Amino acid sequence: MSFLGFGARPQPTSAEKLAMAEMEMDIMAHMINKLGNTCFKKCVNNDYKDTELNKGESVCLDRCVHKFVEAFQKVPYTLNLSKQHGNGLTQYT
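Residues numbered from 1 in each chain as written. Predicted model: local features only at pLDDT ≥ 70, side-chain atom pairs only at ≥ 80, totals over all residues. Heavy atoms only, no water.

Asker: Which parts of the structure should I look at to understand the state of the cysteines?
Answerer: Defined simply, a disulfide is a covalent bond joining two cysteines at their sulfur atoms. Overall, the coordinates contain two disulfides when judged by the stated rule. In this model C39 forms its disulfide with C64; the gap between the sulfur atoms is 2.0 Å. Torsion about the S-S bond of the C39 and C64 cystine: about -85 degrees, corresponding to left-handed handedness. Separated by 25 residues along the polypeptide, C39 in helix 1 (residues 14–43) and C64 in helix 2 (residues 55–85) bring together distant segments of the chain. The residues C39 and C64 share a single accessibility class, namely buried. Covalently, C43 is tied to C60 through a disulfide, its sulfur atoms 2.0 Å apart. Where C43 bonds to C60 through sulfur, the torsion about that S-S bond is close to -65 degrees, and the disulfide is left-handed. With C43 in helix 1 and C60 in helix 2, the pair connects residues that are 17 residues apart, well separated along the chain. With cysteine numbering restricted to those in disulfides and following the sequence, the chain has the pairing 1-4, 2-3. (Disulfide = S-S within 2.5 Å. Helix = DSSP H or I, 4+ residues; strand = E, 2+ residues; numbered from the N terminus. Buried < 20%, exposed > 50% of the residue type's maximum accessible area, 1.4 Å probe, protein only.)

Asker: I would appreciate a short explanation of helix 2 in the present structure.
Answerer: Since the α-helix advances by 3.6 residues per turn, residues separated by three or four positions end up pointing in the same direction. The end-to-end C-alpha distance of helix 2 is 45 Å, a good match for the 45 Å that 31 residues give at a rise of 1.5 Å each. Taken residue by residue, helix 2 has E57, L61, C64, F68 and S82 as its buried positions. The elements touched by buried residues of helix 2 are helix 1. By the N-cap criterion, in which a side-chain oxygen at the helix start approaches the backbone nitrogen of a residue two or three places on, helix 2 is capped by N54, the distance to G56 being 3.1 Å. Just downstream of helix 2, G86 is the residue with a positive phi angle, here 70 degrees. (Expected span 1.5 Å × (residues − 1). Contact = heavy atoms within 4.5 Å. Polar contact = N/O pair within 3.5 Å; in protein donor to acceptor, adjacent residues only side chain to side chain.)

Remember, this is a structural readout, not a statement about activity or role.
Rendered as structure tokens:
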């Protein structure tokens, strides 16, 4: 926090907060739709012989969702680290 508010970032207005919340909801909805489509295509057999998922499909879906969410969390973190170091995009292993 700066002395007497000099150099401080202005607080977002209610409209800006609402716009940010809507954008975040759109991003999450997109992620969930993409996750569902990707993992379903990868893991579920198109024959639909059973009314429930078999063990192999369940395990595949669990792993797929875990990897998808993990990647979704790592990308912003890596970009933030890159921005903090001021060197643009870098490769992390």
